[in-house]
Amino acid sequence: MEHISGGVCAAKGFKAGGVHCGIRKNRTKRDLSMIVSEVPASAAAVYTQNLVKGAPILVTKRNIANGIAQAMICNSGNANTCNADGEEIAWKMCELAGQAAGIKPEDVIVASTGVIGQPLPIDPIASGMGPLVSSLSDHGSNEAAEGIMTTDTRLKEVAVSFTAGGVTCHLGGIAKGSGMIHPNMATMLVFLTCDAAISPALLQKALSADAQDSFNMISIDGDTSTNDMVSIMANGLAGNAPITEENEDYAAFCAALKEVTTTLCRAIAKDGEGATRLLTCIVTGGKTIKDAKLAAKSVVCSSLLKAAIFGSDANWGRVLCALGYSGAEIDVQAVDVAFRSTKGMITVCQNGASVDFSEEKAKEILLEDEIDVLITLRDGDASATAWGCDLTYDYVKINGDYRT
């Protein structure tokens, strides 16, 4: 496996683009994106478990119920959620995209992101569809990634190459996500493309399983979005023998998928609203996978620990506190905690109790922009990793006037 350039256009037969159509007031920001495959592709998706769901999710579920899609369209600036005409607008987006791109509207994955509860006008999207299709190119991943951003400060895209059946295949993705990130299945918006041939059933199985260890292990602020969606199209243009069973080729595909999704997870967590540090919690020695995941997720969700990381304060008691209410089965008197960054590693707790350590060294470690919290449980052999970020003053500033 190798990291390559190209994002969602790294896979053969995919073009992408993004334009400003007028949904967002800032004309310098793109607000409409599209990805199109030359041929119909196997498709799969996972969605938010929030009972309040954006209208595009309902339409996408119907569109790809047959496991086939050929395009994705997404707008930013308006979530198209809690609107009386939401599904009508989402379907109209599919029709406009299908007509402009020359494909069936029911083969379109549709998504929206932005403010909840405001009507989404169709006129800007209709007028922007022509320029959007004209913008499509095999190097347009950046533009598509820009068009799905809201409070994001960085583009999030990645691609890898891998081998299946002796054939080189490619898998890439773009993502948006900075706030309202606390997944229950998957979160934010992620669009993945692949040129491997794989059945829709196995594609769905791989994506659903991967989300449990990747997107389900992120938390920025404890809020699960209404519009969360991760979708993937695999068009088979690499020319490999179709993956129809869980063999070595399927394992290679899953490994590539994991590399892409994990990279996007880290990028999303590091770009949390107002964040200055990426926080990674690595738990080893868990009694079960479930316990290890509960423990890791609880630590990155702790507002008190997130605030301590912002202040470069090695307040390890907040780690143990988060472990104690995580719901995981843990022997709290056998827990070790250490902090690690590029400046080194320091143990701050052994067997659930304090140890002597240098506060100066700890602060030096915690001043770096990527911090690992290493937790040893000694309850079994299970491990898990979760990603989050620090909690800063700017998070409140960003969300205090997000709508207005």
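Above this text sits the structure in question.
All values derive from a computational prediction rather than experimental measurement.

(A) How the structure looks around the sheet that holds strand β10 (residues 278-286). The six strands lie next to each other as β13-β12-β11-β14-β10-β15, forming an open sheet whose pairing is mixed. Bordering the open sheet on either side are β13 (353-354) and β15 (382-389), each of which pairs with just one other strand. Across five bridges, strand β11 (residues 336-341) lies against strand β14 (residues 370-376) in antiparallel orientation. Paired with A338 across the strands is L374, a residue of β14.

(B) Structural detail: the packing of helix α7 (residues 289-301) against helix α9 (residues 317-324). Taken N-terminus to C-terminus, the directions of α7 and α9 make an angle of 130°; their axes are 8 Å apart at the nearest point. When the interaxial angle is binned, α7 and α9 end up oblique. As α7 packs across α9, the resulting crossing turns out to be right-handed. For the pair formed by α7 and α9, the contact residues are A295, S298 and V299 on the first element and V319, A322 and L323 on the second. Among the residues forming the contact of α7 with α9, the class breakdown is five nonpolar, one polar and no charged.

(C) A look at helix α3 (residues 123-135). Taking 1.5 Å of rise per residue, 13 residues should cover 18 Å, and α3 covers 19 Å from first to last C-alpha, within 8% of that figure. All of the buried residues in α3 are P124, I125, G128, M129 and L132. Where the residues of α3 are buried, they touch β2 (14-19), β3 (32-47), β4 (68-78) and α2 (86-101).

(D) Quick peek at helix α6 (residues 248-270). Its 23 residues place the ends of α6 33 Å apart at the C-alpha level, agreeing with the 33 Å of an ideal helix rising 1.5 Å per residue. Of the residues making up α6, those classed as buried are D249, Y250, F253, A256, L257, V260, T261, L264, C265, I268 and A269.

(E) The state of the cysteines, seen in detail. The full count for this structure, using the stated rule, is zero disulfides. Here C94 is not cross-linked by a disulfide; its sulfur's nearest cysteine counterpart is in C74, at 12 Å. Cysteine C281 remains unbridged, with the sulfur of C301 as its closest cysteine sulfur at 10 Å. Owing to a relative accessible area of 0%, C281 belongs among the buried residues under this scheme.

(F) Region of interest: the pattern of salt bridges. For the coordinates displayed, the defined rule picks out 16 salt bridges. The salt bridge involving D152 is made with K156; its shortest N-O contact spans 2.7 Å. Accessibility assignment for this pair places D152 and K156 in one class, buried. Note that R378 and D336 form a salt bridge whose closest N and O atoms lie 2.5 Å from each other. Here R378 is found in the loop between β14 and β15, whereas its partner D336 is found in strand β11, with 42 residues between them in sequence. Residue classification places R378 among the partly exposed residues on the basis of a relative accessible area of 48%.

(G) Representation of the side chain of S341 in the model. Among the secondary structure elements, S341 is positioned in strand β11. Judged by its relative accessible area of 11%, S341 is buried.

(H) Up close: the side chain of T280. Here T280 lies in strand β10. Not counting residues within four places of it along the chain, the set of residues in contact with T280 comprises R266, I371, D372, V373, T385, A386 and W387.

(I) Structural context of the nonpolar core. In terms of nonpolar packing, the biggest core is built from 76 residues, with F253 and I375 touching the most fellow members. Ranked by residues supplied to this core, first place goes to α6 with nine residues. Apart from the residues within four sequence positions on either side, I375 is in contact with C281, I282, V283, T284, V299, V319, L323, V335 and D336. Grouped together as the second largest cluster of nonpolar side chains are 25 residues, Y47, I57, I64 and A69 included.

(J) Here's a closer look at the packing of aromatic side chains. One pass over the structure, following the stated rule, counts two aromatic pairs. Between F162 and F253, the ring centres sit 6.3 Å apart and the planes meet at 70°, which makes this aromatic pair edge-to-face. Taken together, the residues span a long stretch of sequence, with F162 in strand β6 (residues 157-164) and F253 in helix α6 at a distance of 91 residues. For the pair F162 and F253, a shared accessibility class is recorded, and that class is buried. Judged by centre distance (5.3 Å) and plane angle (90°), the rings of F310 and Y393 are edge-to-face. Here F310 is found in helix α8 (residues 303-310), whereas its partner Y393 is found in helix α11 (residues 393-400), with 83 residues between them in sequence. A residue is classified by how much of its surface remains accessible, and Y393, at 64% relative accessible area, is exposed.

Criteria and cut-off values
- Residues numbered from 1 in each chain as written.
- Predicted model: local features only at pLDDT ≥ 70, side-chain atom pairs only at ≥ 80, totals over all residues.
- Heavy atoms only, no water.
- Pairing = 2+ DSSP bridges.
- Helix = DSSP H or I, 4+ residues; strand = E, 2+ residues; numbered from the N terminus.
- Axes fitted to C-alpha atoms, helices over the stretch in contact; angles between N-to-C directions.
- Parallel < 35°, antiparallel > 145°, perpendicular 65-115°, else oblique.
- Left-handed = near helix turned anticlockwise from the far one by under 90°.
- Contact = heavy atoms within 4.5 Å.
- Nonpolar A, V, L, I, M, F, W, Y, C, P; charged D, E, K, R; others polar.
- Expected span 1.5 Å × (residues − 1).
- Buried < 20%, exposed > 50% of the residue type's maximum accessible area, 1.4 Å probe, protein only.
- Disulfide = S-S within 2.5 Å.
- Salt bridge = Lys/Arg side-chain N within 4 Å of Asp/Glu carboxyl O.
- Core = buried A, V, L, I, M, F, W, Y, C linked by side-chain atoms within 4.5 Å.
- Phe/Tyr/Trp six-rings, centres within 6.5 Å; stacked < 30°, edge-to-face > 60°.

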